[in-house]
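Commentary on secondary and tertiary structure
Here's the letter readout for the chains.
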Amino acid sequence: MSDETVEVLVIGAGQAGIAMSEHLGKQGIGHLVLERDRVAERWRSWRWDSLVANGPAWHDRFPGSEFDCPPEAFAGKEEVADYLAAHAEKVGAPIRTGVEVTKVRKHEGRPGFHVETSDGTIDAHFVVSATGAFQKPIIPALVPESAGFAQLHSSDYHNPGQLPEGAVLVIGAGSSGVQIADELNRSGKQVYLAVGPHDRPPRSYRGRDFCWWLGVLGLWDAVTPPAGAEHVTIAVSGAHGGHTVDFRQLADEGVTLVGRANEFDGTRMRFGTDLKANIDGGDANYLGMLDAADEYIERNGLDLPEEPAAREIIADPACVSAPILELDLAAAGVTTILWAVGFGNDYDWLQVDAFDEGGNPQHQRGVSSEPGVYFLGLPWLSRRGSSFIWGVWHDAKYLADQIAIQRAYAEYRPPA
């Protein structure tokens, strides 16, 4: 016998778990949320000190709850964590912190799941994995520890002061890599930034933030990424009041751009020949969004100010026109390699038939291939916006509805 029985067990008390709890509560469905750390812990301890949200406060929030800052501002990481904790309290989320889930397995011969935790066992009719996308930091096995460089993931970076003296090689040019490279450069460090394929939207255009443009153009509701762009990162920033990421400008300010880091021979890092193509690809994405915005304005007769300067592209810096293809890291003074290449899945604890051969969740809009198990907070769970605060709220509503439907089926009894 288990120590406790619940109808729905939600695992994780970040933005996904809190949103799930809100909608389950509205449906009157009994549930419990377990969190191994504090509420919204990833925002507090897995982000660097100066991080701000990539979307303005008016947009990236739960419907019905506003940030305690100006709508156009970009909330800091602690503000986001406090906001999520306050929302959890507002909706009365039954969260139990300091409890780690170690194993979930299906019951034999009866519905539901047996859950082992650091604080006893639980029987649950339904299980929602709301652990999100930031589970296991990825550090590729490219540079051995014996090479003598300090290596850390972006989730372990907090500020320039924690790094040893010397130059830094930042690998990964999505939002995290770009913002960290910029901060390190501003702090006086020599920075090399390895740039792969990326999207580079305008921070704002003709008086509207890019989040607004994605909305009116229907791009938030795209259900799958464009072919070939499944792993393309987005270079966007809310830092310094929000600005459009410009790799050429970063180079003009002192950052040395290189192509993708492909090989390390013990002393030298070899980079791909793709730097110029990656920069140009980001430009094409940027200009394509401006074109779509202009067409929308003309089609709808909107009175928004023209912004011709937005289409001005500065000249390629020397590091792009004559790229570095290999670099002796020690001779260049590099003492730290910072990996900003994302995260992998960690579902060892979820021992159910809900994964493909590669260990990735098998689901449709979060409803997994294992009846009774649901996923929430994953990128592209149902649409482009699924991993954002507002997007996960809508996905949680859908999953709560699906759970309510399954409850109704389970409770059905034909007339005598």
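Description of the structure in this document. Everything numeric in this text was worked out from a predicted model, so none of it was measured.

**Digging into the environment of Arg110**
Residue placement: Arg110 occurs in the loop between β4 (101-106) and β5 (113-117). Judged by relative accessible area, Arg110 falls into the partly exposed class, the value being 44%. Spatially, the C-alpha atom of Arg110 lies 9.9 Å from that of His125, the residues being 15 residues apart in sequence. Engagement of the side chain of Arg110 in a polar contact is seen with the side chain of His107, the distance being 3.5 Å.

**Some words on the environment of Tyr347**
Counting through the fold element by element, Tyr347 comes out in the loop between β20 (343-344) and β21 (350-351). Its relative accessible area of 8% is what places Tyr347 among the buried residues. With 312 residues separating them along the chain, Tyr347 and Glu35 place their C-alpha atoms 15 Å apart. Setting aside chain neighbours within four positions, we find Tyr347 in contact with Ser129, Thr131, Gly132, Gln135, Phe355, Gly359, Pro361, Phe375 and Leu378. Polar contacts involving the side chain of Tyr347 include one to the side chain of Gln135, which spans 3.1 Å.

**Details of the sheet that holds strand β16 (residues 261-264)**
Spatial strand order, β16-β17-β18: 3 strands in an open sheet with antiparallel pairing. Strands at the two margins of the open sheet, each flanked by one partner only, are β16 and β18 (326-328). Between one strand and the next, the sheet's axes are offset by a mean angle of 25°, whatever the strand orientation. Summarising the sheet, strand β17 (residues 268-271) and β18 pair through 3 bridges and their orientation is antiparallel. The partner of Arg268 across the bridge, within β18, is Asp328.

**Topic: the pattern of salt bridges**
Counted according to the given criterion, the structure contains 30 salt bridges. Of the charged contacts, one joins Arg36 and Asp37 as a salt bridge, the two residues approaching to 3.8 Å between their closest N and O atoms. Assessed through its relative accessible area of 42%, Arg36 is described here as partly exposed. Residue Asp37 is classed as partly exposed on the basis of its relative accessible area of 34%. Members of the salt-bridge network, linked through shared partners, are Arg200, Arg248, Lys276, Asp280, Asp283 and Asp316.

**Observations concerning the pairing of strand β9 (residues 167-171)**
Taken across its 5 residues, β9 has 5 buried, putting it largely inside the fold. Residue alternation in β9 divides its side chains into two sets, Ala167, Leu169 and Ile171 and Val168 and Val170, and both sets are buried. For β9 and strand β19 (residues 334-339), the ladder comprises 5 bridges, and the chain directions are parallel. Each bridged residue has a counterpart across the sheet, and for Leu169 the counterpart in β19 is Ile337. Sheet topology note: the β9/strand β10 (residues 191-194) ladder contains 4 bridges and is parallel. Across the sheet, the residue bridging to Val170 is Leu193, located in β10. As for the winding sense of the linkage, the β-α-β connection from β9 through helix α4 (residues 175-186) to β10 is right-handed.

**Some thoughts on the nonpolar core**
If you look at the biggest cluster of nonpolar residues, it comprises 88 residues, and the most contacted ones within it are Met20, Leu193, Phe247 and Leu257. Broken down by element, the residue count for this core peaks at 7 residues, all from helix α9 (residues 389-411). When we break this core down by domain, the ones giving at least three residues each are domain 1 (4-135 + 345-411) and domain 2 (140-339). What Phe247 contacts, discounting residues up to four positions off in sequence, is Ala173, Val178, Leu193, Val195, His198, Arg200, Ala235, Leu257 and Ile279. Judged by nonpolar contacts, the second largest core, of 17 residues, contains Phe149, Leu329, Ile337 and Trp339.

Conventions adopted
- Residues numbered from 1 in each chain as written.
- Predicted model: local features only at pLDDT ≥ 70, side-chain atom pairs only at ≥ 80, totals over all residues.
- Heavy atoms only, no water.
- Helix = DSSP H or I, 4+ residues; strand = E, 2+ residues; numbered from the N terminus.
- Buried < 20%, exposed > 50% of the residue type's maximum accessible area, 1.4 Å probe, protein only.
- Polar contact = N/O pair within 3.5 Å; in protein donor to acceptor, adjacent residues only side chain to side chain.
- Contact = heavy atoms within 4.5 Å.
- Pairing = 2+ DSSP bridges.
- Axes fitted to C-alpha atoms, helices over the stretch in contact; angles between N-to-C directions.
- Salt bridge = Lys/Arg side-chain N within 4 Å of Asp/Glu carboxyl O.
- Right-handed = clockwise from strand over helix to strand, strands pointing away.
- Core = buried A, V, L, I, M, F, W, Y, C linked by side-chain atoms within 4.5 Å.
- Domains from an automatic or database assignment.

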